[in-house]
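# Examination of the molecular architecture
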Amino acid sequence: MSLPFESGGFDRATLIHVGMNIEDKAMLFAEIRRILKPGGRFGLYEIMQMREGALPYPMPWAMTPETSFVCGQESYRHLLEEAGFVVELEQDRSALAIRLMHEMRAKAAAGEGKGFGTLMGPRASERGANVNMSVESGLIAPIEIIARAV
């Protein structure tokens, strides 16, 4: 939330599956805007809420709702614009995520690879099932956003 870099020192910044862990996205986006040069690009790939409904916990990023800060595309768009960005691209990557989840499950069933459990610990299968069900039902989605610093 307080990056140790000079203002306007970067051409590009990314945020990949981190936003759902950060409550104060306005501060986060303002800080990222601060370190970007005018015209710099900010790429995000984040889990976002797509419709009303409670998320089932545990999720891969949070065991309980108290440590999860998932919000919708409209909120991201608004906060980015307030921080000094123009959103140039928004893309729902659900189809890709669903395909990859099915491939990962098939490999795990065949005994290939380490799978989700190695990364997520003892409740990995529950966490994975919850996120899979939530993406497949359209409750949440991985969204790609490219924004330009103005």
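Residues numbered from 1 in each chain as written. Predicted model: local features only at pLDDT ≥ 70, side-chain atom pairs only at ≥ 80, totals over all residues. Heavy atoms only, no water.

### Some details on the packing of aromatic side chains
Going by this rule: The aromatic pairing rule takes the rings of Phe, Tyr and Trp, using the six-membered ring of Trp, and pairs them if the centres are within 6.5 Å, calling planes under 30 degrees apart stacked, those over 60 edge-to-face and the rest tilted. Here the term buried applies to any residue with accessible area under 20% of the maximum for its type, exposed to any over 50%, and partly exposed to those in between, with areas from a 1.4 Å probe on protein chains only. Only DSSP runs of H or I reaching four residues or more are called helices, and only runs of E reaching two or more are called strands; each is numbered from the N terminus.
Summed over all chains, the structure comprises four aromatic pairs. Seen in terms of ring centroids, Phe5 and Phe10 are 5.0 Å apart; in terms of plane orientation they differ by 75°. Their pairing is edge-to-face. On the basis of relative accessible area, Phe10 is assigned to the partly exposed category, the value being 30%. Note on Phe42 and Phe85: the rings are 5.4 Å apart at their centroids and 40° apart in plane angle, and the pair reads as tilted. Placement of Phe42 in strand S2 (residues 36–49) and of Phe85 in strand S3 (residues 85–92) is noted, with a sequence separation of 43 residues between them. For the residue pair Phe42 and Phe85, the accessibility class agrees, reading buried in each case. Of the aromatic side chains, those joined through ring pairs into one cluster are Phe29, Phe42, Tyr76 and Phe85.

### Observations concerning the pattern of salt bridges
Selection criterion: Salt bridge, as used here: a side-chain nitrogen of Lys or Arg that lies within 4 Å of a carboxyl oxygen of Asp or Glu.
Applying the stated criterion to the full structure yields nine salt bridges. The salt bridge partner of Asp11 is Lys37, with a shortest N-O separation of 3.3 Å. Of this pair, Asp11 sits in strand S1 (residues 10–16) while Lys37 sits in strand S2, and the two are 26 residues apart along the sequence. Since its relative accessible area comes to 34%, Lys37 is described here as partly exposed. Here Glu88 ties to Arg41 by a salt bridge, and the two come within 2.8 Å at their closest N and O atoms. Highlighted residues: Glu88 in strand S3 and Arg41 in strand S2, separated in sequence by 47 residues. Given a relative accessible area of 39%, Glu88 falls into the partly exposed group. One salt-bridge network, in which partners are shared between bridges, spans Arg41, Glu88 and Arg148.

### What about the sheet that holds S1?
To keep things clear, this is the line we draw: When DSSP finds two or more bridges between two strands, those strands count as paired. Every axis in this analysis is a line fitted to C-alpha atoms, fitted for helices over the stretch in contact. Angles between the N-to-C directions lie between 0 and 180 degrees.
On the basis of which strands lie adjacent, the open sheet formed by four strands has the order S1-S2-S4-S3 and mixed pairing. In the strand order of this sheet, the two ends are held by S1 and S3, each with one partner. Averaged over all pairs of adjacent strands, the angle between their axes in this sheet comes to 15°, without regard to strand direction. Across seven bridges, the pairing between S3 and strand S4 (residues 140–149) is antiparallel. Looking at the pairing, Val86 lines up with Arg148 of S4.

What is shown is where atoms sit, not what they do.
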